[in-house]
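Observations on the three-dimensional arrangement
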Amino acid sequence: MTTPAPVAGAGAVDAYAKLAELGLTLPKVAAPVASYVPAVQSGNLVYVSGQLPFVDGKLPQVGKVGAEVSVEEATGLARLCALNALAAIEALVGLGRIVKIVKVGGFVASAPGFTAQPAVINGASDLFAAVLGEQGRHARAAVGVSELPLGSPVEVEVIAEVA
């Protein structure tokens, strides 16, 4: 992985240094599970397809949050989704070009009666803020759904502004 410098004038945080400081490394971009690409750029926006919490190509857990998966476990899975989203941005344009994470969409496979979706998606939001500082703060939706692909408990999509 190359480590381009933050874009001059963009007020960019050194995301690579923050990842290292947090003890994190970007994974390989997750292979799409259907007919789509991991991320596309249109103008100054990068749209990242929904990312599952893959680790080495596998889901570490499956099931519904509030039943088979705890809130704490799901929060960690949302963090993995965010790390995978950063990997997709890195592969397309490089983290040094991020001006702002604009919007995060979080989907939580929820057991009946489960209503703590925002707490789960905080795992992703908190990772973006930890890695990108103020540039990682974003608008967001946290939605409960009945099922997600491959039985994943969590999925996260991202829109990022780039220079």
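What counts, and where the lines are drawn
- Residues numbered from 1 in each chain as written.
- Predicted model: local features only at pLDDT ≥ 70, side-chain atom pairs only at ≥ 80, totals over all residues.
- Heavy atoms only, no water.
- 1 Å grid on protein atoms, 1.4 Å probe; cavity = no way out; pocket = protein on both sides within 12 Å on 5 of 7 lines; lining within 4 Å.
- Points joined across faces, edges and corners; volume = space filled by probe spheres on them.
- Nonpolar A, V, L, I, M, F, W, Y, C, P; charged D, E, K, R; others polar.
- Pairing = 2+ DSSP bridges.
- Helix = DSSP H or I, 4+ residues; strand = E, 2+ residues; numbered from the N terminus.
- Expected span 1.5 Å × (residues − 1).
- pLDDT = per-residue confidence, 0-100.
- Contact = heavy atoms within 4.5 Å.
- Buried < 20%, exposed > 50% of the residue type's maximum accessible area, 1.4 Å probe, protein only.

Overview of the layout of surface pockets
Estimated volume of the largest pocket: approximately 250 Å³. Of the residues in the lining of the largest pocket, the class split is nine nonpolar, two polar and two charged.

Regarding the pairing of strand 4 (residues 139-145)
As paired strands, strand 3 (residues 98-109) and strand 4 are joined by seven bridges and run parallel to one another. Bridge assignment links V104 to a residue of strand 4, and that residue is R140.

Quick notes on helix 2 (residues 71-92)
Compared with an ideal rise of 1.5 Å per residue, which puts 22 residues at 32 Å, helix 2 spans 32 Å between its outermost C-alpha atoms and is within 8% of the ideal. In the segment just after helix 2, G94 is the residue with positive phi, at about 95°.

Let's talk about the confidence of the model for the chain
In the predicted model, the chain carries a mean pLDDT of 93, and 93% of its residues have values of at least 70. For the stretch residues 1-11, pLDDT sits under 50, and the model shows 19 contacts to residues farther than four places along the chain or on other chains.

Section: the environment of L83
For L83, the location among the structural elements is in helix 2. Since its relative accessible area comes to 10%, L83 is described here as buried. Placed 68 residues apart in sequence, L83 and A15 show a C-alpha to C-alpha distance of 12 Å. Setting aside anything within four residues of it in sequence, one finds L83 in contact with L19, L24, T25, L26, P27 and L127.

Side note on empty space enclosed by the protein
This structure, assessed with the given rule, holds one cavity of 30 Å³ or more. As a volume, the largest cavity reaches approximately 60 Å³. As for the largest cavity, its lining consists of A30, A31, P32, Y36, P38, G50, Q51, L52 and F54. Split by residue class, the lining of the largest cavity holds seven nonpolar, two polar and no charged.

Examining unusual backbone geometry
Of note, D56 is a non-glycine position whose phi angle comes to about 50°, a positive value. In this structure, D56 sits in the loop between strand 2 (45-51) and helix 2. A relative accessible area of 77% places D56 in the exposed class. Non-glycine residue L150 carries a positive phi angle of around 60°. Here L150 shows up in the loop between strand 4 and strand 5 (154-162).

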